[in-house]
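Residues per chain are reported as follows:
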Amino acid sequence: MAAGAAVTLGGGLSACGSRGDVARASTTDQWRQFQGATLNFISENTAPTAAIAANTKPFTDLTGINVNIVTLELTALVQRVALDLASGRAQYQVIYADPYQVLAPYQRGLVDLRTLEADPNLPRLPGGIGDFIPVQMDAAGRFVDPAAYYALPYDAPTMIWQYRQDLFAKYHDRMAHDLGFDPTPGGDRTWEEYFRIAQWFNKNATSDVKYGTGHQARQHDSLMNDFSNVLWSYGGAYFDHGKEVGRLGARDPGPCRLDSEAAIAGAEFYNRLLSIADPASKTWDWDGVGAAFRAGRLAMCPNWHEFAASNEQVLPGKVGYAVLPKGPVATANMYGGTGVGISANTMPNERGAAWLFLVWATSPETQLANLKSKAGGGTPTRTSVYEMPEVRAAEKRPSSMPNMLTAAAVREAWTPERIGLRPKIPMWNECNTAIFTQLSTMLSGAESPANAMRSIKSRVDQIVARGWVA
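Student: Quick rundown of the sheet that holds strand E7 (residues 159-164)? Include the residues and the values.
Tutor: The strands that make up a sheet pair up through hydrogen bonds in the backbone, lying either parallel or antiparallel. Read from one edge of the open sheet, four strands run E8-E9-E7-E10, paired in mixed fashion. The strands lining the two open edges of the sheet, one partner per strand, are strand E8 (211-213) and strand E10 (319-322). On average, each strand axis in the sheet is inclined to that of its neighbour by 25°, with strand direction left out of account.

Student: Before we move on, could you go through the packing of helix H9 (residues 165-179) against helix H10 (residues 191-204) and cite the residues and values that matter?
Tutor: For the pair H9 and H10, the least separation of the axes is 11 Å and the interaxial angle reads 105°. The orientation of H9 with respect to H10, classified from their angle, is roughly perpendicular. For the pair H9 and H10, contact is made by Leu 167, Phe 168, Tyr 171, Arg 174, Met 175, Asp 178 and Leu 179 and by Arg 196, Ile 197, Trp 200, Phe 201 and Asn 204, respectively.

Student: Outline the pairing of strand E3 (residues 38-44), supporting the account with residue identities and numerical values.
Tutor: On any regular strand, side chains alternate: one points to one face of the sheet, the next to the other face. E3 sits mainly inside the fold: five of its seven residues count as buried. Relative to strand E5 (residues 94-97), E3 runs parallel, the two being bridged by two bridges. Each residue of the ladder has a partner; that of Ile 42, found in E5, is Ile 95.

Student: Run through the confidence of the model for the chain, naming residues and quoting values.
Tutor: Considering every residue of the chain, the mean pLDDT works out to 92; 94% of them sit at 70 or more. Within the model, the stretch residues 1-25 combines pLDDT values under 50 with 53 contacts to residues more than four positions away or in other chains.

Student: Residues and numbers for the packing of aromatic side chains, please.
Tutor: The final tally for this structure, using the stated rule, is 22 aromatic pairs. For the ring pair Trp 286 and Trp 304, a centre distance of 6.3 Å and an interplane angle of 80° mean the geometry is edge-to-face. Of this pair, Trp 286 sits in helix H14 (residues 286-294) while Trp 304 is found in strand E9 (residues 298-304), placing the two residues 18 residues apart along the sequence. Residue Trp 304 is classed as buried on the basis of its relative accessible area, which comes to 8%. Aromatic rings pair up to connect Trp 161, Tyr 163, Phe 168, Tyr 171, Trp 191, Tyr 194, Phe 195, Trp 200, Phe 201, Tyr 234 and Phe 269 into one cluster. It is Arg 272 that lies over the ring of Phe 195; its NZ or CZ is 4.7 Å from the centre. The residue whose ring lies beneath Arg 382 is Phe 132, and the NZ or CZ to ring-centre distance is 4.3 Å.

So, how was this worked out
- Residues numbered from 1 in each chain as written.
- Predicted model: local features only at pLDDT ≥ 70, side-chain atom pairs only at ≥ 80, totals over all residues.
- Heavy atoms only, no water.
- Pairing = 2+ DSSP bridges.
- Helix = DSSP H or I, 4+ residues; strand = E, 2+ residues; numbered from the N terminus.
- Axes fitted to C-alpha atoms, helices over the stretch in contact; angles between N-to-C directions.
- Parallel < 35°, antiparallel > 145°, perpendicular 65-115°, else oblique.
- Contact = heavy atoms within 4.5 Å.
- Buried < 20%, exposed > 50% of the residue type's maximum accessible area, 1.4 Å probe, protein only.
- pLDDT = per-residue confidence, 0-100.
- Phe/Tyr/Trp six-rings, centres within 6.5 Å; stacked < 30°, edge-to-face > 60°.
- Lys NZ or Arg CZ within 6 Å of the ring centre and 35° of its normal.

Right, dumping it as structure tokens:
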């Protein structure tokens, strides 16, 4: 747990912090001052929200506040949030603030949460913001200003290497002999080695799996995510100062750099990799490739680590998890985490009630309950949760919290040198569409990798220029 005493607030919420924090946050009146209020929380249909929606009673018992939860597909959520923020009145007081499609374009419509954390009439965050994993606090919670924060890290899906541990064990010696290197997945493997492993399975293990690798490469946001891991590992970047633009964001990121030699080399490799992958990859998003992997079609795939829970239901004990391979220049594991924030259209009492929900929903106790929930899952965003003995124990099989089987891989993936952060800019949604549309054209064979990268660069520069002028 984070440094400081652990206490139980009225209603059973555990909190960690200094003695001053404890004294301030433990007053029952602070938690009951908005009883009778109703909050509307709009969220993408994610694992932690599924867990919370299945049991909001602990929060209502603690506060007397009722919570209605609306879950939507991300594109629909963004449209609904944009309309609500533009209306001037908050139909949704609590917002699932995707960093790229909500926080960056609509930051001015969200409350700077420092104002609520500093309010002596409201409970403080257990452990403070320092208990959140730092890179996630920046990527999911901040925009441009390194001091302000508009959301609290709420979920943390990250792309890692998922593989059939049983098949790698079965064929290890043959692969090592034929390939000339240890094929065991991990951060020391390269993308070229990944390609050769996939090719080996295609030729030598068809009685066990149809294809060595599969990808989330349909014309969709998933394609941008899958490609970006390779792009960054080859030294390519969407813009200058790539990690800074991803971590804190920028209103004007400057010219797109996808026409660089490194970016084109990454695109050429990705195109070659997809040529030996399961052909259905071009029709799959993350759910599609996850289902194919569980069905036994694939020996391995890059996918979001939170698929571990469903992997373990279908293939118990047969799946391994590692960071993605490295490229000639770097390594990258795409981070897809999101924060939860408060609409700036809220009235003062709504704002206070919404803060209570944020404190509760991101607390160590609630994150632990989400991990245990059969309705959801998710991954903690707080360091203190990973330090709990029962959570550490769950990192090994048999595990009551199967997402924790990925803990060693994601901890490594979240280090500053390994995390992959897409650009956090106000016009990202339109840029993203241009990127995956042109990548899909490349994968169809209608355009060369070099021309595809140059076409994306031209289109993105137009979008950024128009967005910046606007």
